[in-house]
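Examining the three-dimensional arrangement
Residues per chain are reported as follows:
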Amino acid sequence: MKHMKRRKAAVGTWLVEGVLWIALSLLILILACPAWATDYYVRADGTVTAADKGNATSCSAASTALSMAEFNAATFYGGDTVYFCSSGGDYTSVMIPTSNGSLGAGGEELRITYDGDPDGDGTYAHVKDISVGSGSCVVMFDAGNYTTMQHFEISGCAGEGIYGWAKTMPIKKFKLLHSKIHDVENRGIALIGENAIVETPANYFDETEIAYNEIYANGTDTADNDVGLSRYATNTHVHHNKMYGTATKGMDGVLFSYAGGGNIIEYNEIYNHNKDGAEHGEDGVDIKYTNEDVATPTQTEQWQHIRHNTIYGHTYQTGVTVHYGSRYVKIYNNNIYGNAEGIWAHRGTAGLVTQYIQIYTNLIHYNTQHGVIINDSAAGNIEIYNNLISYNGQSGTPSGYAGFCGLMIVAGTGNVVKNNIISHNYNASTSPRKQIYIDFAGVAGTTLDNNLYYHSGGAQYWYDGGVKSLSTIQSVYSQETHGSESDPLFASSTNFRLRLGSPAINAGVNVCTAEGVPYSTCTGDGTGTWTDIKGSVVPHNGKISIGAYQFTSFDTEQGESAARKSWRRVFRKF
Ligand SMILES: [Ca+2]
Ligand SMILES: [Ca+2]
């Protein structure tokens, strides 16, 4: 018996130790690996509660899915995917994701994914018609680190489509992908940091990615937009989206307002933000109150990059506007056409100045007022290199200050304009055929050189109070010393590639003036390479063309006669 007892006691101890060991192991596992990647399901009519979220296992019935309210009450962890089903109907209550993903021990992202198309049929979970609270359809308040929203449709919200507010904690690496946001009252998606304007921001959206979305017909007043990079949004990457307005809806495409640095807007199609015509017509990209004076701790650089976008049809305002004391903006390799103004840099505000803007290798054409305009107390340091500024200024009053033209500079100091083709602006053959309008502060504040001008009726130059000839600008003002006037020989009036024999070919000067200026690949004075509007490397065989199109051997063939092409092909065989 004693032996038995001892044995029982031993077994008992073993059991207790075993249970403890198992419990401890589980605890270690749970602590070390909170990311049991689990799938959960939400339906508009779901009946599973947050406490029982493990029962939210499919789209097949209301009883196997959370409702939106229970989703809002539940916590998820990195690795989880929450599927939003369409089978329970549309979602007419606000979505408030409160969870955060995390970083793993090895620094890997453990993301939470909210996916609105679990069956992959292209019909997305539709969150719509919200008018309670802020009226926003999706509210991300102090949450959303390492989360992804994809395949949602969001519309009819009385506030924002997605209202993001990093008020008391930073929100890092939120992604919005492959979704549609449209017909909301205010902003399509707003990224806001802090509680107010502060000197040293610590809380803001950092490294947000907004990509492959269609965001359109949003906004009802001038603060509204499709994508709003508000207080201190930093290192945001907005790419491959379509953002557009309709005849009755649509304010700005992308609006910067007190944004942080390092934001990149690229490969987007941004067009027709023309709400109610002249009354509210707005801009493609509008940069306000955005400068280096308030830097975020995480910003990769102070510059904003607006590049590789197609921006058109803002018939009442501007393709890209930089104003209200915004600084450090690079605008390059964009196709900007059919707006009222192509690019507009203007006013400062309350101690902040509009300054340090680089505009290069853009196609700026068929904008009805100015191709590029710098006025209204812009402080300057605006560098304009290798753009094509053609066929602008074709409507409105063609006289005096209001006379439209290719390039107007009437403000600022330290502006430099080189290697541009400025041609065919004000397309009528009658006067004034002003290609440039440089006056007032712009005369002393602007260096002009090595630009190529042309108009079929004879180019005109408004310079220092009146129309001057190019030779007068050269001899009296010592400007445009290497400038010239000659037909640039475009392939056509809509295809601005250079034809063989164009005076722009190999006539450019190197504008890499310092490391990273203006091209990130400039490694020092006159060194480095960059790409033209079509992606060709510049310099090409050591040569630089004027304008946005580098002339290459491909273009040589384009410009050749059929006979010469066939000869070249014959010789290639040897
Ligand atoms: Ca679906
Ligand atoms: Ca605007």
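See the structure shown above.
Topic: the coordination of the calcium ion (ligand 2)
Protein coordination at the calcium ion (ligand 2) comes from Asp-252 (OD), Asp-252 (OD), Glu-282 (OE), Asp-283 (OD) and Asp-286 (OD), with a distance range of 2.1 to 2.6 Å. Classification of Asp-283 as buried rests on a relative accessible area of 2%.

As for the pairing of strand S34 (residues 380-385)
Most of S34 is tucked away, with five of its six residues classed as buried. Direction of pairing for strand S31 (residues 355-360) relative to S34: parallel, over a ladder of five bridges. Paired with Ile-357 across the strands is Ile-382, a residue of S34. Bridging between S34 and strand S37 (residues 415-418) involves three bridges; their strand directions are parallel. Opposite Glu-383, over in S37, you have Val-416 as the bridge partner.

Remarks on empty space enclosed by the protein
A complete count under the given rule lists one cavity of 30 Å³ or more for this structure. By volume, the largest cavity is sized at about 50 Å³. In this structure, the largest cavity is lined by Thr-361, Asn-386, Trp-530, Asp-532, Val-538, Ile-544, Ser-545, Gly-547, Ala-548 and Gln-550. Among the residues making up the lining of the largest cavity, the classes are represented as four nonpolar, five polar and one charged.

Thoughts on the coordination of the calcium ion (ligand 1)
Donor atoms from the polypeptide that bind the calcium ion (ligand 1) are Asp-117 (OD), Asp-119 (OD), Asp-121 (OD) and Thr-123 (O), placed at 2.1 to 2.4 Å. Between consecutive donor residues of the calcium ion (ligand 1), the sequence gaps follow D-x1-D-x1-D-x1-T.

A look at the side chain of Arg-433
Relative to the helices and strands, Arg-433 resides in the loop between strand S38 (421-423) and strand S39 (434-438). Notably, Arg-433 is buried but unbridged: the nearest opposite-charge side chain belongs to Glu-485, and the N-O separation is 8.0 Å. At 2.9 Å, the side chain of Arg-433 and the backbone oxygen of Gly-457 are in polar contact. Setting aside chain neighbours within four positions, we find Arg-433 in contact with Asn-425, Tyr-426, Ala-428, His-455, Gly-457, Gly-458, Ala-459 and Gln-460.

Quick word on the environment of Gly-89
Mapped onto the elements, Gly-89 comes out in the loop between strand S2 (81-84) and strand S3 (102-103). C-alpha separation for the pair Gly-89 and Val-127, spaced 38 residues apart in sequence, amounts to 9.9 Å.

Looking at the packing of aromatic side chains
Each aromatic ring pair is characterised by the separation of its centres together with the angle its planes make. If you walk through the whole model with that rule in mind, you get 27 aromatic pairs. Counting every residue linked through ring pairs, the aromatic cluster contains Tyr-40, Phe-71, Phe-76, Phe-84, Tyr-91, Tyr-114 and Phe-152. Over the ring of Phe-76 we find Lys-53, and its NZ or CZ is 5.8 Å from the ring centre.

Reading the values: the criteria
Residues numbered from 1 in each chain as written. Chains lettered and ligands numbered in written order. Predicted model: local features only at pLDDT ≥ 70, side-chain atom pairs only at ≥ 80, totals over all residues. Heavy atoms only, no water. Donors = N, O, S within 2.8 Å, 3.2 Å for Na, K, Ca; no water. Buried < 20%, exposed > 50% of the residue type's maximum accessible area, 1.4 Å probe, protein only. Helix = DSSP H or I, 4+ residues; strand = E, 2+ residues; numbered from the N terminus. Pairing = 2+ DSSP bridges. 1 Å grid on protein atoms, 1.4 Å probe; cavity = no way out; pocket = protein on both sides within 12 Å on 5 of 7 lines; lining within 4 Å. Points joined across faces, edges and corners; volume = space filled by probe spheres on them. Nonpolar A, V, L, I, M, F, W, Y, C, P; charged D, E, K, R; others polar. Lys, Arg positive; Asp, Glu negative; His and termini not counted. Salt bridge = Lys/Arg side-chain N within 4 Å of Asp/Glu carboxyl O. Polar contact = N/O pair within 3.5 Å; in protein donor to acceptor, adjacent residues only side chain to side chain. Contact = heavy atoms within 4.5 Å. Phe/Tyr/Trp six-rings, centres within 6.5 Å; stacked < 30°, edge-to-face > 60°. Lys NZ or Arg CZ within 6 Å of the ring centre and 35° of its normal.

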